[in-house]
Amino acid sequence: MCPPDFYGIEYEINPWMDLRRPADPARARAQWRALYEVLTKTLGVRVELLSPVKGLPDLVFTANAGLVVPGRFIASRFLHPERQKEQPTYDAWFRARGYAIETLPEGTCFEGEGDALWLGETLFAGYRIRSDIGSHQAVAAMLGCEVLSLELVDPRFYHLDTCFCPLDDRRALYYPPAFDDYGRRVIREFVPEPIAVADVDALRFACNAVVVGRDIVVQSGCAALEKTLRDQGFTPHPVDLSEFHKAGGSAKCLTLWVPPPPRSTSRRSVGAP
Ligand code: ARG
């Protein structure tokens, strides 16, 4: 995670961002802190911090840094010049910790875990609004894994992690209108138990949840989703991240999964740090 010292709405690169609707720095700091405390204190997650950098207001959205597998950091290639400036900071963090930095072919956009989420051994990857479909083939070749590409069709749900959230290796939340017919078919065919999220909750970034085993950190006020999660045996931990919605992000975007350093070659398991 990256503390929101320099977070703000300084440009508009998605439909949520509006220069006339600035973020309140004190509220943003308190909301980020609440997320940090639920993760570290309530759930016992080890959170590593990235130092904030002035002039990089979206650096808080570390999910977009890249995709991390044990010992390897597949660096993003951001679509927007505003966010391309973040990449050296992410690369330096991983390089300093001994990760191999791997890059995608030039001209291929890829926005990291924002558009690439594991469900079991399969990487579900979003494309078109930010990441290119070609990046999926490149990532699949680098990792030797199966990738399922899902086209995103609603600009408000521009990253896969705004409309799709694996809960374990059988279940995933998804917001059906964010995908086309074919994408919905792929989800229903390859996710054993897909769980559709209602409009009101999806528009509050309900799908942008952080999964820690059976515990799900999710935007507060998503009543229907909280009930569904409880019925399915999960424990929701609501946190209000409304200041970050102004930039188009919520809990998941504010975190990047960093698997423990390699001891064996075994792959990570979803949502079970
Ligand atoms: N303002 C940022 C952007 O538009 C928000 C990124 C949210 N991150 C995410 N993983 N959905 O790029």
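Let me sum up the structure you'll find in this document. Residue positions are counted from 1 within each chain, in the order its sequence is given. It should be noted that, the model being predicted, local features are given only for residues of pLDDT at least 70 and side-chain atom pairs only at 80 or more, the latter also being counted only at that level, while totals for whole chains, interfaces and linings use all residues. As a rule here, side-chain values cover all heavy atoms of the structure and leave hydrogens and water aside.

## Looking at unusual backbone geometry
Selection rule: Using a 1.4 Å probe on the protein chains alone, a residue whose accessible area is under 20% of its type maximum counts as buried, one over 50% counts as exposed, and one in between counts as partly exposed. Under the scheme used here, helices are H or I runs from DSSP no shorter than 4 residues and strands are E runs no shorter than 2 residues, and both carry numbers assigned from the N terminus.
The phi dihedral of R128 is positive, around 100 degrees, even though this residue is not glycine. For R128, a relative accessible area of 57% translates into the label exposed. The backbone phi angle of F205 is positive, close to 65 degrees, even though this residue is not glycine. Within the secondary structure, F205 sits in the loop between α6 (199-202) and β10 (210-212). F205 gets classed as buried once you look at its relative accessible area, which sits at 1%.

## Remarks on the site of the ligand
Stated formally: Throughout this document, a residue counts as near a molecule or strand when at least one of its heavy atoms sits within 4 Å of that molecule or strand. Pairing of N or O atoms within 3.5 Å defines a polar contact, subject to two protein rules: one partner must be a possible hydrogen donor and the other a possible acceptor, and residues neighboring in sequence count only if both atoms are side-chain atoms. All accessible-area figures derive from a Shrake-Rupley calculation using a 1.4 Å probe, and residue coverage is judged against the displayed protein chains alone. Nonpolar residues are Ala, Val, Leu, Ile, Met, Phe, Trp, Tyr, Cys and Pro. Charged residues are Asp, Glu, Lys and Arg, and all others, Gly as well, are polar.
Of all residues adjacent to the ligand, which total 17 residues, the nearest are N14, R83, R130, D161 and C253. Interatomic distance of 2.8 Å between a side-chain N/O atom of R130 and an oxygen atom of the ligand. Interatomic distance of 2.9 Å between a side-chain N/O atom of H159 and a nitrogen atom of the ligand. Relative to its unbound accessible surface of 350 Å², the ligand loses 100% to contact with the protein. Here the residues of the shell around the ligand are counted per class, giving seven nonpolar, six polar and four charged.

## A short note on the packing of aromatic side chains
Stated precisely, the cut-off is as follows: Between 30 and 60 degrees the pair is tilted, below 30 it is stacked and above 60 it is edge-to-face, where a pair is any two Phe, Tyr or Trp rings, Trp via its six-membered ring, whose centres lie within 6.5 Å.
According to the stated counting rule, one finds 10 aromatic pairs in the structure shown. Considering the side-chain rings of Y7 and F61, the 6.1 Å spacing of their centres and the 85 degrees angle between planes classify their relative orientation as edge-to-face. On the criterion of sequence distance, the pair formed by Y7 in the segment before α1 (25-42) and F61 in the loop between α1 and β1 (66-69) is long-range, its members being 54 residues apart. Per residue, the accessibility class of Y7 equals that of F61, and both read buried. The rings of F73, W93, F94 and Y99 are connected pair by pair, giving a single aromatic cluster.

## Structural notes on the pairing of strand β12 (residues 235-239)
This is how the line gets drawn: We call two strands paired when DSSP finds no fewer than two bridges between them.
As paired strands, strand β11 (residues 215-219) and β12 are joined by five bridges and run parallel to one another. Bridging across to β12, Q219 finds its partner in V239.

## Thoughts on the nonpolar core
Where we set the bar: Among buried residues, those of type Ala, Val, Leu, Ile, Met, Phe, Trp, Tyr and Cys that are joined through side-chain atoms within 4.5 Å constitute a nonpolar core.
By size, the foremost hydrophobic cluster in this structure holds 34 residues, and its most contacted members are F124, L160, F164, L167, L173, F179 and L225. If one sorts the elements of this core by residue count, strand β8 (residues 171-174) sits on top with three residues. Core analysis: the next-biggest nonpolar cluster, separate from the first, contains 27 residues, Y7, I9, M17 and Y36 among them.

## Focus on the sheet that holds strand β6 (residues 146-151)
What counts, and what does not: Axis definition: a line fit to C-alpha positions, over the contact stretch in the case of helices; interaxial angles, taken between N-to-C directions, run 0 to 180 degrees.
One open sheet accounts for three strands, arranged β4-β5-β6; its pairing is mixed. Strands at the two margins of the open sheet, each flanked by one partner only, are β4 (116-119) and β6. Across the sheet, the mean angle separating the axes of adjacent strands is 30 degrees when strand polarity is ignored. By the bridge criterion, six bridges tie strand β5 (residues 122-127) to β6 in an arrangement that is parallel. The residue of β6 that forms the bridge with G126 is L150.

## Focus: the side chain of Q219
Keep this limit in mind: A contact between two residues is defined here by any heavy atoms of the two lying within 4.5 Å.
Along the chain, Q219 falls in strand β11. A distance of 3.1 Å separates polar atoms of two side chains, one belonging to Q219 and the other to D240. A polar side-chain atom of Q219 sits 3.0 Å from a polar atom in the side chain of H245. Those residues in contact with Q219 that sit more than four places away from it in its chain are R204, F205, V239, D240, L241, S242, H245 and S250.

## Some details on empty space enclosed by the protein
Put simply, the rule is: Whether a set of points on the 1 Å grid over the protein atoms alone is a cavity depends on a 1.4 Å probe fitting there but being unable to get out, while an open set qualifies as a pocket with protein on both sides within 12 Å along at least five of seven lines; lining residues are those with an atom within 4 Å of a point. Grid points are joined across faces, edges and corners, and a volume is the space filled by probe spheres set on the points.
All chains considered together, the criterion is met by two cavities of 30 Å³ or more. Approximately 80 Å³ is the volume found for the largest cavity. In this structure, the largest cavity is lined by 13 residues; those nearest its centre are F61, N64, R83, Y158 and A247. A class-by-class count of the residues in the lining of the largest cavity yields five nonpolar, five polar and three charged. Roughly 30 Å³ of internal volume is contained in the second largest cavity.

## Section: the environment of L256
Position of L256 among the secondary structure elements: in the segment after α8 (242-245). Note on L256: relative accessible area 16%, which makes it buried. Sequence separation of L256 and V68 is 188 residues, and the distance between their C-alpha atoms is 8.3 Å. Apart from the residues within four sequence positions on either side, L256 is in contact with T62, A63, A65, G66, V68, F94 and E113.

## Things to note about the pairing of β11
The two faces of the sheet receive side chains in turn, since in a regular strand these alternate between them. We apply this condition: With its strands directed away from the observer, a crossover is right-handed exactly when the path from the first strand over the helix to the second travels clockwise.
Of all five residues that make up β11, four are buried, and the element is covered over most of its length. Between β10 and the antiparallel strand that follows it, β11, lie two residues; G213 among them carries a positive phi value of about 60 degrees. Crossover connection from β11 via helix α7 (residues 223-231) to parallel β12: handedness right-handed.

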